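Report on the structure
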Amino acid sequence: MAGRINAEDVATVKERSSIEDIVREHVTLRPAGIGTLKGLCPFHDEKTPSFNVRPSLGTYHCFGCGEGGDVISFVQKTEHLTFTETIERLAGKLGMELRYEDGGPRGRDDVGTGRRQRLLDAHRVAEEFYGAVLADMSRVDARAGRAFLRERGFNGASAAQFGVGFAPRGGDELARHLRAKGFTEDELTLAGLCARGSRGLYDKFRGRLLWPIRDITGSTAGFGARRIFDDDRMPAKYLNTAETPIYKKSQVLYGLDLAKKAIASEREAVIVEGYTDVMAAHLSGVNGAVATCGTAFGVDHIKILRRILRDEADRAPARVVFTFDGDAAGQAAAMKAFKEDQRWASQSYVAVAPGGQDPCELRQSGGDLAVRGLVADAVPMFEFAVRTTIGRFDLDTAEGRVLAIRAAAPIIGGIRDRALRPEYTRLVAGWVGVEVEQVAAEVRRAGRAEGRSPTAAAASSGTAAPLGSAIPSSTGTGPPPSAGFPDPEPGSIEPSAEELAATLPRPDLRDPVVQAERQLLQTLLQFPDAADPAWLTAVTPGDFTAPAHQAVYAAVAGAGVPAGRSTAAWHAAVAEGAAAAVHPVLTELAVAPLPVVLDPLTGRPGERYLVSLFTRVREGTLTRQIADAMSQLRRLETAAEPDPERSRALGLRLQQLHLEVAALRDRGDR
Ligand SMILES: [Zn+2]
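Scope of this entry: the structure provided in the associated data block.

Moving on, we get to the coordination of the zinc ion. Coordination of the zinc ion by the protein comes from Cys41 (SG), His44 (ND1), Cys62 (SG) and Cys65 (SG), over a distance range of 2.1 to 2.2 Å. Around the zinc ion, the four donor atoms are arranged such that angles at the metal cover 102 to 119°; this shape is classified as tetrahedral. Along the chain, the residues donating to the zinc ion are arranged with the sequence spacing C-x2-H-x17-C-x2-C.

Here you go:
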């Protein structure tokens, strides 16, 4: 056991350490009355600041959770250090040499006392060593590292600014260097810098380009290492320091030490995907850029950023911009963080560079302005989520639009802030090209469905946002959600062949148009000589919406009118013109009773009935075509660039379609 720190020294450390400066490393403070500063509490999750610091008294207190104390307890609690480690750390900042009571200088092999500071010291020395190797022009192995940086537009000055270094290929150069500086084997293995092998200590990182990963206070606590050589025995493109007592990957953001000032003052954080992207962003003037280190962006990262952003309920929301390249995994990660936290979601933005370039590539192809433009042009995460969702559907068909609205509705319904919903409903209506009320109805429906689902309790408990279900895990590739398709009513049509179910979807008989189709086919099959041949040519299989009905009608129209044939012979001709999968439907329609009263004299339905069915089926097509044209027209109106020629053409087409409808009705009335 190493010695206790001299009590006088402890008092001096406490006296000389500014609580204001130390707290500011974690929390953004602003004046709140005489002698008091306020910020978001680092010990509990809050949106209105109740964390108070009184620099003159050297104390802090949170009115929200009751945490309070002095500078020592603050560092102990926020950095998870022992008392001794805390004093050593603060003394290190002040440049003070500590005296130890019993046992002289601290025992180097004791992992308890001062362990953290020793591990940080080892990293500082390692960073200097790696940086010197990279800058050493006489070193052949570092040449590849310098070339890597140069190819990405970084010179020696930018490498030095970010502390980039190079791990020699040798095997134990760092281990020997650190041992010579007095670090023990235990310290070096515990720090994750070296490991023990059969021939002694060897370097963890070999022949790789290294970025020092610093904690929020600027102390290096780990490294990110990029593969450079093809014969690297580790296949991973990036290796990061494993979890150590001082390095927790879920709680570090690369570049945060450099970015925190800009994040606090501009109230904007930019999440990029890699070390070179952070460098490129900062060098381009996007100073609030950070990246996660070998892990997905998560809830802990949100907490860290929120404190710096001063993300308080009574202020305009801060902005968090995610830059995505073509990597679907990165998008999925951001989406996940997005659904964890509603307030976070409403202030999250997404920037996708043209051609899927990352900020580093963008800086090389388009310069600093292009990188700044990428961040400035970011769209709200909600918009990104909805547009990604509706982008999976064919908006030129009525069915595609309905499915798109159904898929997007839960996202809008998931917005906690109800005041925002009408605005998003209106936007989605514009993007899909439908009436606002149609979207609003789906949003209400999604809300009711949510209320019935077993997960509703979890969703409304405040922890899980209900939007999760609707967030795509990747863009554009997934199949449309099957939840959007209505199930047919049980017992309406029982397919008698297994293959039918596999090849033809069951017609949805809740749809009145599908009902009309069915009745028309029933009438044609059961009373073949009732049909007017002119109608059989005016109505085409394409006028039917249900695929099974299309197939049946094609067979009926193909067989023509019976003209002397017996009903049985005609039926045989119809069946011959239909695929095997259609036969069960044919049989069913030929015998299912019609929902109308038959004429007692003729024993068949009245003529008007058949004409009205033909009219309705044909009119259905015209109505859909009108809706398609209207939708295209609406989307043109909300598009960034007007297209007057196309608008005019669509207007003419609409006129023509309305004339056709009028003519059809006229014909049906005769
Ligand atoms: Zn608190």
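Turning our attention to helix H12 (residues 299-309). Turning to H12, its buried residues are His301, Ile302, Ile304, Leu305, Arg306, Ile308 and Leu309. Once H12 finishes, Arg310 follows within two positions and takes phi at roughly 50°, a positive value.

A complete count under the given rule lists 16 aromatic pairs for this structure. For the ring pair Tyr60 and Phe74, a centre distance of 5.3 Å and an interplane angle of 80° mean the geometry is edge-to-face. Of the two residues, Tyr60 is situated in strand E4 (residues 59-62) and Phe74 in helix H3 (residues 71-79); the sequence distance between them amounts to 14 residues. For the residue pair Tyr60 and Phe74, the accessibility class agrees, reading buried in each case. Taking 6.3 Å as the distance between ring centres and 85° as the angle between the ring planes, the aromatic pair formed by Phe166 and Phe229 counts as edge-to-face. Of this pair, Phe166 sits in strand E6 (residues 165-167) while Phe229 sits in the loop between strand E10 (220-227) and strand E11 (238-240), and the two are 63 residues apart along the sequence. Judged by relative accessible area, Phe229 falls into the buried class, the value being 15%. The cationic tip of Arg319 hangs over the ring face of Tyr349; the distance from NZ or CZ to the ring centre is 4.5 Å.

This paragraph deals with the nonpolar core. Side chains of nonpolar character tend, in soluble globular proteins, to be buried together. Tyr130, Leu149, Val164, Leu193, Leu209, Trp211 and Tyr254 are the most contacted members of the largest nonpolar core, which totals 62 residues. Sorting elements by how many residues they give to this core places helix H5 (residues 115-135) first, with nine residues. Leu193 has contacts with Ala122, His123, Ala126, Leu174, Leu178, Leu188, Asp203, Lys204 and Phe223, leaving out every residue within four places of it along the chain. Formed by 42 residues, the second largest nonpolar core is a distinct cluster that contains Trp570, Leu589, Leu610 and Leu664.

Here we take up the sheet that holds strand E12 (residues 253-254). Ordered by their spatial adjacency, six strands build an open sheet running E12-E14-E13-E15-E16-E17, and the pairing between neighbours is mixed. On the outer flanks of this sheet lie E12 and strand E17 (379-380), each paired with one strand and no other. When strand E16 (residues 348-352) meets E17, the two strands line up antiparallel, connected through two bridges. Opposite Tyr349, over in E17, you have Pro380 as the bridge partner. Together, strand E13 (268-272), strand E15 (319-324) and E16 form the strand contacts of helix H15 (residues 359-376), whose direction differs from that of E15 by roughly 150°.

Following the criterion strictly, the structure yields 36 salt bridges and no others. With a closest N to O distance of 2.5 Å, Glu619 and Arg665 form a salt bridge. You can see Glu619 sitting in helix H27 (residues 607-638) and its partner Arg665 sitting in helix H28 (residues 644-669), a full 46 residues away along the chain. You can call Arg665 partly exposed: its relative accessible area is 47%.

Looking now at the pairing of E13. When a strand is regular, its side chains alternate between the sheet's two faces. Of all the five residues making up E13, five are buried; the element is thus mostly covered by neighbouring parts of the structure. Side chains of E13 alternate between two faces, with Glu268, Val270 and Val272 and Ala269 and Ile271 buried alike. Pairing of E13 with E15 involves four bridges; the strand directions are parallel. From the neighbouring strand, Ile271 faces E15, where its bridge partner is Phe322. The handedness of the E13 to strand E14 (residues 289-292) crossover, carried by helix H11 (residues 275-283), is right-handed.

Rules behind the numbers
- Residues numbered from 1 in each chain as written.
- Predicted model: local features only at pLDDT ≥ 70, side-chain atom pairs only at ≥ 80, totals over all residues.
- Heavy atoms only, no water.
- Donors = N, O, S within 2.8 Å, 3.2 Å for Na, K, Ca; no water.
- Tetrahedral: all angles 85-135°; square planar, octahedral: opposite > 155°, others 65-115°.
- Buried < 20%, exposed > 50% of the residue type's maximum accessible area, 1.4 Å probe, protein only.
- Helix = DSSP H or I, 4+ residues; strand = E, 2+ residues; numbered from the N terminus.
- Phe/Tyr/Trp six-rings, centres within 6.5 Å; stacked < 30°, edge-to-face > 60°.
- Lys NZ or Arg CZ within 6 Å of the ring centre and 35° of its normal.
- Core = buried A, V, L, I, M, F, W, Y, C linked by side-chain atoms within 4.5 Å.
- Contact = heavy atoms within 4.5 Å.
- Pairing = 2+ DSSP bridges.
- Axes fitted to C-alpha atoms, helices over the stretch in contact; angles between N-to-C directions.
- Salt bridge = Lys/Arg side-chain N within 4 Å of Asp/Glu carboxyl O.
- Right-handed = clockwise from strand over helix to strand, strands pointing away.

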